[in-house]
Amino acid sequence: MKFESQLLKGVAPVVVLEILSGGQMYGYELSQAIEQRSGEILTLGKGTLYPLLYNLEAKKLVQGKWETAGSGRKRRYYSITGSGKDELAKQKAQLKELTTGLNLVFGGAIALA
Amino acid sequence: MSDRKSDSKNLPACAVEYVRRLLKKMRYRRKVRDDVEAELKAHFEDELKDCKSDKERQQRARYLVADFGDMKLLAILLRRAKKRCRPLWRTVIARTFQAIGVLILCFIVYAVWFSFGEPTIRVDYIRLLNQMNQPQLLDQDNAWPHYEKAIKLFVPQSPLVEKVISYRHHSGDREDAMRLKKMLLDNESQIQLWFEKNQKYWDNLTHEQQTVLLKCLEYNWVPFPIIAYQSPNDWRTTTLVRMTEHIIRCIKEDTELTTPTSSGTLSLSSAPEYPSDELKRWIENNTIPPNHLQAVSVAVLNEAIKRFKNLPEDISAPLTEIECEYIRPWIEQNEAAWQQYAAGSAKSYCYRPYTFDPNVQDYSIMNILMPHLAPLRRLVMMSVWHARINRDQGQLKQSIEDCLTIVRSARHWQNKGSIIEQLVSQGISNLGHEEILNILSDRKLSTAELLKLQEQLSQIYPGDYPLMNLEGERLVFMDVIQRSFTDGGPGGGHLIPGMWDEYTGYLALDSDDRDKRIFMPFLTAASMVHARRDATIAKANEIYDLQSKTTKMTPYERHVSNIKAVDEYESMHSYRFFMIQILMPATGRASELAYRGKIHHEATLTILALLRWRQENNQYPAALDELVAAGLLKEPPVDPYSDKPLVYKKTNGDFTLYSVGPNFKDDTGEIAIKHNRPYKWGTDEDGDIVFWPVAKSMPR
C-alpha cells in the first residue's frame, strides 16, 4: 500500500525502533521484518531505510556495529539503545493517544495493538 | 573492510555501478563511504541470494536499484545522516577549518581592496615649501642662478686627482699613503738597487705600451696577465697600493718578483677611460711585453715614490710639488665654475625652487630635495683646494677670501628647507672655518688682516648663528603622507602598500622588478598594522612640535633634561608608526651638528680675537673675558656641551681652546682616539673638541 510520504515519515522511526526492540538486525533483515510484521502493508523504500537508520544512530537511539552473520558474511547489525527504548515508549504512548482520538473520530474503526 | 568488500564481487554490474555512482555523489570522507558501500552491497547480496539464475539476479538488481529511488536525493540524505553521526570534536574541527577558510577568503578580498587604494592629493606642499623659502627680494640678489651655472661648468677630477686629494682627506687612504711612505723610506737603498736591475724592462717597452700602462696607474689599478697553458689568456688587476706593498716585500725579502694576489678582473677597474680594450688586444695579438711584471713594477714603484715619499705627516702642511702638479690643472680647469660659485656666495640669499614633475613616476624625497646637493658638495671641495693652492702659492689674501666664500655659500642653505640641505650646509661651513684655522695656524697675519678677517667672518652671520629649522621638513613629510595614504575609508585612510615605497624610495624597489612582487605581501601586511592616516599625521605633528622645541636646546640642555640624541619617537610603537620611524630625520643629532657649526664659528672668531690680543700685548690674555672687555670680542663663546664658556688655557707661548665635547666631560683638551683614528668632534665616551692648537698630524 502507498502511504502519503509525510504520514510514513512520521511513523517509520517508531516502526524501526519497535522491530529492533525485539533484537538486533541488519538492514536487509529489518526491511524484511517490517514487511512481514505489517502484513506487507508497510514497505520502507531502501532509499529511505538507510538514511533513517543513520539518523537514528546519530540520535543515539540505535547503535550499529559490524558483525559476522550466520552465513559467515560481515553485516552491520543495528540494536536499540536505552535511549531508543525510552523514545520508543514515548512514541508508542503518543500513538496510542492518537489512535484513541482517531477511534473516537472514526467510531472505533482504528485500533493499535 | 577488505572482507566486507569481497562480499560484493559477484554482484550484477548495474548494482555495483549504482553504488559506485551513489557514493561518488555522496562526497564525504572515504572511510564513511567505504562503510556505506559495504553495507549497501551487503544489502544487494542479501536481496539477490535466492535468485536462481544470472538473468533473475540482473532483473532483481534492476528492481532494487529502482527501489533505492533518486540517486542524488539518496546521496544527500546519506551524507546528511552520516554527518550527524560524526563526533563533536570532528564537527568542531570541520567548522574551525571552514571558519578559517572563510576568514582567509575575506582577508584576500580585503587585501586586494587594500592594495588598490588611491591617494588624494589635496595640498600642494611643494608650493608651500617654496613659498616658505622664497624671500621678498629682487631676483638679482639670488645666488642660485650662479650656483646652477657653476654646477654646469664644473669639471670633475680624474681618478688620479681624486686619490691624491683623498691621501690628505680620507683616513683610510691616508693611512695607506703613510704606510707606503714608511716602507719606501725604510727600504730606500734596496729599492734603488732593484731599479738598477729592472729599469731596463721598462725602457724596453714601446712608447705605446708605456702609455697604456701609465694610463692604468692613473686609475689606480695595476694590470697583470693570467697564464694558462703556458700563455696569457686574461688580465687580473690589483690596486696600486697593494702592488706597491707586494713589490717592496719581494725586494725586502730579496725574492723573485711574483704575480701579486688578484683584487679583481678588468671589469672591476673598467672606468670608461681605463685602457681595457688595448690590454685585451695585447692578449689577442699575443703582444704582451716580455717581462711585463718587472716592467709594470718599475712604473708602479716610480708612481708610488712620486705620490707618497714626500707626503707630509702634517695634514695641513703646504701642498707638495707633486700634489700641486696633479691638482693645479684641475683647479685651473674649474676657474669658470669657481667664478660663478664665488659670485653666488656673495649674494644675499639663495632660492632654488623645489620641483616635482608629475609625469615622472618617481616621487621620492631625494629627487625633489637633493639633486643639487651632490654637485654643490663637489664645488665646495674644489673650492677648498682652490683656497689651498692659493695659500701655498703665496696668495694668502685670495686664499682667505676663498675660505670666506665657502662659509658664505654655506649660509645660503642654513635654517630653511630640508634637514639634509641644512646638514650639508653645516658641513660646508665647517670646511670653510677649518681652512681659516689652518691658515691662522700656519701663517702669520698682521693685526689689520686679523681684524678684517674677524669682521668679514662675523658679518656673514650678523645675528645669531642659524640652528635647525624643521618646518620645511614637516611639509615634506606631510606631502609623503598625502601621497602614501588613502584619504577616506574606515579609520580615515590607510597606508597604500605599493605607494609608500614609491614615494619614500625606502626599499628602492624597481617597479618592474620581481622583488616588488615578493615584497608586496609584506608591504601589505605592514601597511595593515600601520596607524591610519589621521593618526599618523597627528603623531607626526606632535613629534615635530616637540622637536621644534628641542632643536633649540643645546646638547647640554638636552643632556641634563635627559632628552637623548636618539630621538623620543624611536621609543613609540614602531609597528604602528614605522613610516615615521623610517622617514623622520634624527633631529636630535642634526640639532647637535648645528650647534657644532655654531661653536666652530664662534671659536674661530675667538681665536682671531686672541691672535689680535697677542699682537697688541705680546702675550695671550689670562681669560676670555678680557677680550670682551677690550672690545675684541662681543661675548665669550658658550660651549653647547657645558653651557659654559669654551675652555681656554694659556700654555707655553700658545693657548688651548676647546669644547668638552659630546661626553660632557673635560678631557683636558685631548681629542678622542678610536681604532687608532682621531675623532676631532669627540665621541659619546671620551675626547674634547679642540679648536686650537690645530691638529697637525694623524696620530699613529
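All of these numbers come straight from a predicted model, not from anything done at the bench.

Asks: Describe the overall build of chain A, with residues and values.
Replies: From N to C terminus, chain A includes 4 helices and 3 strands. Taken from the N to the C terminus, the helices and strands of chain A come in the order α-β-α-α-β-β-α. In chain A, which comprises 113 residues, the share counted as buried stands at 39%. Just so you have it, chain A exposes about 6500 Å², and 54% of that area is on carbon and sulfur atoms.

Asks: Let's hear about the pattern of salt bridges: which residues, and what values?
Replies: According to the stated counting rule, one finds 37 salt bridges over all chains in the structure shown. B:Glu47 serves as the salt-bridge partner of A:Lys46, at 3.9 Å between the closest nitrogen and oxygen. Taken together, the positions of A:Lys46 in helix α3 (residues 46-58) and B:Glu47 in helix α3 (residues 30-48) put the pair across two chains. In this structure, A:Lys46 and B:Glu47 share a single accessibility class: buried. In this structure, the salt-bridge partner of A:Arg76 is A:Glu57, at a minimum N-O distance of 3.0 Å. Of this pair, A:Arg76 sits in strand β3 (residues 74-80) while A:Glu57 is found in helix α3, placing the two residues 19 residues apart along the sequence.

Asks: Lay out a nonpolar patch on the surface in plain terms, naming residues and giving numbers.
Replies: Residues B:Trp89, B:Ile93, B:Phe97, B:Ile100, B:Ile104, B:Phe107, B:Ile108, B:Tyr110, B:Val112, B:Trp113 and B:Phe116 make up a contiguous nonpolar surface patch of about 1200 Å² in total accessible area. Mapped onto the secondary structure, B:Phe97 falls in helix α6 (residues 88-115).

Asks: For the side chain of A:Glu57, give the residues involved together with the corresponding values.
Replies: Accessibility expressed as a relative area gives 16% for A:Glu57, which makes it buried. For A:Glu57, the contacting residues outside a window of four places in its chain are A:Val62, A:Gly64, A:Arg76, A:Tyr78, B:Lys82 and B:Cys85.

Asks: Kindly report on α3(B), identifying the contributing residues and their values.
Replies: For α3(B), which comprises 19 residues, the first-to-last C-alpha distance of 26 Å matches the rise-based estimate of 27 Å (1.5 Å per residue) to within 8%. Burial analysis of α3(B) places 16 of its 19 residues in the buried class, which makes it a mostly covered element.

Asks: How would you sum up the packing of aromatic side chains? Please name residues and give values.
Replies: Residue and element names in this part refer to chain A. Summed over all chains, the structure comprises 22 aromatic pairs over all chains. Between Tyr 26 and Tyr 77, the aromatic rings sit 5.2 Å apart at their centres with planes inclined by 85 degrees, giving edge-to-face as the arrangement. Here the residue Tyr 26 occupies a position in strand β1 (residues 25-26), and Tyr 77 occupies one in strand β3, the gap between them amounting to 51 residues. Exposure class is identical for Tyr 26 and Tyr 77. Each is buried.

Asks: Please provide a residue-by-residue account of the interface of chain A and chain B, values included.
Replies: With 20 residues of chain A at the interface, the matching set in chain B holds 24 residues. Here chain A is connected to chain B by 4 salt bridges. At the surface where chain A touches chain B, the tally comes to 7 residue pairs in polar contact (both at pLDDT 80 or more). For the side of chain A that touches chain B, the secondary-structure elements that each account for two or more residues are α2 (27-37), α3 and β3 of chain A. Looking at the side of chain A that touches chain B element by element, the count peaks at 8 residues for α3(A).

Asks: Give a detailed account of the packing of helix α19 (residues 373-392) of chain B against helix α21 (residues 419-442) of chain B, specifying residues and quantitative values.
Replies: Residue and element names in this part refer to chain B. One way to put it is that α19 packs onto α21 with a least axis distance of 11 Å and a crossing angle of 5 degrees. Judged on the interaxial angle alone, α21 and α19 are roughly parallel. Seen from α19, the contacting residues are Leu 373, Leu 376, Val 380, Met 381, Val 384, Arg 388 and Arg 391; seen from α21, they are Ile 420, Glu 421, Val 424, Ile 428, Leu 431, Glu 435, Asn 438 and Ile 439.

Asks: Tell me about the environment of B:Arg307, and name the residues and values.
Replies: Residues and elements named next belong to chain B. Mapped onto the fold, Arg 307 is located in helix α15 (residues 292-308). Since its relative accessible area comes to 5%, Arg 307 is described here as buried. C-alpha separation for the pair Arg 307 and Asp 479, spaced 172 residues apart in sequence, amounts to 50 Å. Arg 307 has contacts with Leu 160, Lys 163, Tyr 167, Leu 217, Glu 218, Asn 220, Leu 240 and Tyr 326, leaving out every residue within four places of it along the chain. There is a polar contact of 3.1 Å between the side chain of Arg 307 and the side chain of Tyr 167.

What counts as what
Counting restarts for each chain, with residues numbered from 1 along the sequence as it is written. The order in which chains are written sets their letters, starting at A; the order in which ligands are written sets their numbers, starting at 1. Since the coordinates come from a predicted model, pLDDT governs what is reported: local features require at least 70, and pairs of side-chain atoms require 80 or more to be given and counted, while whole-chain, interface and lining totals use all residues. Side-chain measures here rest on the full set of heavy atoms in the structure, leaving out hydrogens and waters. Only runs of H or I of at least four residues qualify as helices and only runs of E of at least two qualify as strands under DSSP, and these elements are numbered from the N terminus. For each residue, the accessible area found with a 1.4 Å probe, counting protein chains only, is set against the maximum for its type, and the residue is called buried under 20%, exposed over 50%, and partly exposed in between. Computed by Shrake-Rupley with a 1.4 Å probe, the accessible areas treat only the displayed protein chains as cover when residues are assessed. Whenever Lys or Arg places a side-chain nitrogen within 4 Å of a carboxyl oxygen from Asp or Glu, that contact is recorded as a salt bridge. Patch building starts from residues that exceed 30% relative accessible area and form no salt bridge, then joins like charges within 9 Å and nonpolar side chains (Val, Leu, Ile, Met, Phe, Trp, Tyr) within 5 Å. It only takes one pair of heavy atoms within 4.5 Å for two residues to be counted as in contact. A helix is expected to span 1.5 Å multiplied by its residue count minus one. We call Phe, Tyr and Trp rings a pair once their centres come within 6.5 Å, taking the six-membered ring for Trp, and we label the pair stacked below 30 degrees between planes, edge-to-face above 60, and tilted otherwise. Polar contact is defined as a pair of N or O atoms within 3.5 Å, subject to the rule that within protein one atom must be able to donate a hydrogen and the other to accept it, and that residues adjacent in sequence are counted only when both atoms are side-chain atoms. Every axis in this analysis is a line fitted to C-alpha atoms, fitted for helices over the stretch in contact. Angles between the N-to-C directions lie between 0 and 180 degrees. When an angle is under 35 degrees it counts as roughly parallel; over 145 it counts as roughly antiparallel; between 65 and 115 it counts as roughly perpendicular; any other value is oblique.

These results come straight from atomic positions and should not be treated as a statement about function.
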